[in-house]
Amino acid sequence: MYVQLNITTTMVTFKDPDLMSACAEMIIDRLYELVLCDTRIMVCDWLAYATLATYRIVNELTGETELPSMDECFDGTAVIPELSDNPKWSILKYWHDYHWQRANTPAGEKEYESYFSIVAIQLGDVMLSM
């Protein structure tokens, strides 16, 4: 039996990309400053959480209701230029990829154990979480 699933993803379009850009910059800059203290934090994909937090803030300010799913944040389909244009985004992405690969080795499992238990990060008045 063959079943074809057609999944349509509709990305959220905001009326004010400048607001989206400003919110994204604030969150990415704060995350970057935190991660400078210990880059191993990025073993978890906090960029996905930063993506969702950006959408949530803009949604709160504008009243627009559609938010991307967590899956869209993790697989990158929710990432728009207003988020990824910040040069710190690519550095954070590099740190995530680097530490994720290290954590998935026998030697890295123990080193990163405590980082996998972090379920939220407070960045001033912004919470990165599900």
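Below is a summary of the structure that appears in this document. Everything quoted here is computed from the prediction, not taken from an experiment.

When helices and strands are counted, the protein shows six helices and two strands. Secondary structure of the protein in N-to-C order comes out as α-α-α-α-α-α-β-β. Counting the 130 residues in the protein, one finds 40% classified as buried. When contacts within the protein are restricted to residue pairs at least 6 apart in sequence, long-range pairs at least 24 apart make up 75% of them.

In this section: the pattern of salt bridges. Evaluated as defined, the whole model comprises seven salt bridges. The residue aspartate 29 makes a salt bridge to lysine 88 at a minimum N-O spacing of 3.4 Å. In this pair, aspartate 29 is assigned in helix α1 (residues 17-35) and lysine 88 in helix α5 (residues 87-103), connecting sequence segments 59 residues apart. Arginine 40 is the salt-bridge partner of glutamate 111, the closest N and O atoms lying 3.6 Å from each other. Of this pair, glutamate 111 sits in helix α6 (residues 106-116) while arginine 40 sits in the loop between α1 and α2 (46-62), and the two are 71 residues apart along the sequence. Here the salt bridges do not stand alone but share partners, grouping Asp38, Arg40, Arg102 and Glu111 into one network.

Among soluble globular proteins, nonpolar side chains are generally buried collectively. Among the nonpolar cores identified, the biggest contains 37 residues, and Ile27, Leu31, Met42, Trp46, Leu47, Leu92 and Leu128 are the most heavily contacted of them. Those elements giving two or more residues to this core turn out to be α1, α2, α3 (70-75), α5, α6, β1 (121-123) and β2 (126-128). Per element, the largest residue contribution to this core is 10 residues, and it comes from α2. The residues touching leucine 31, leaving out its near neighbours within four places in the chain, are Met42, Trp46, Leu47, Ala50, Leu92, Leu123 and Leu128.

Conventions used here
- Residues numbered from 1 in each chain as written.
- Predicted model: local features only at pLDDT ≥ 70, side-chain atom pairs only at ≥ 80, totals over all residues.
- Heavy atoms only, no water.
- Helix = DSSP H or I, 4+ residues; strand = E, 2+ residues; numbered from the N terminus.
- Buried < 20%, exposed > 50% of the residue type's maximum accessible area, 1.4 Å probe, protein only.
- Contact = heavy atoms within 4.5 Å.
- Salt bridge = Lys/Arg side-chain N within 4 Å of Asp/Glu carboxyl O.
- Core = buried A, V, L, I, M, F, W, Y, C linked by side-chain atoms within 4.5 Å.

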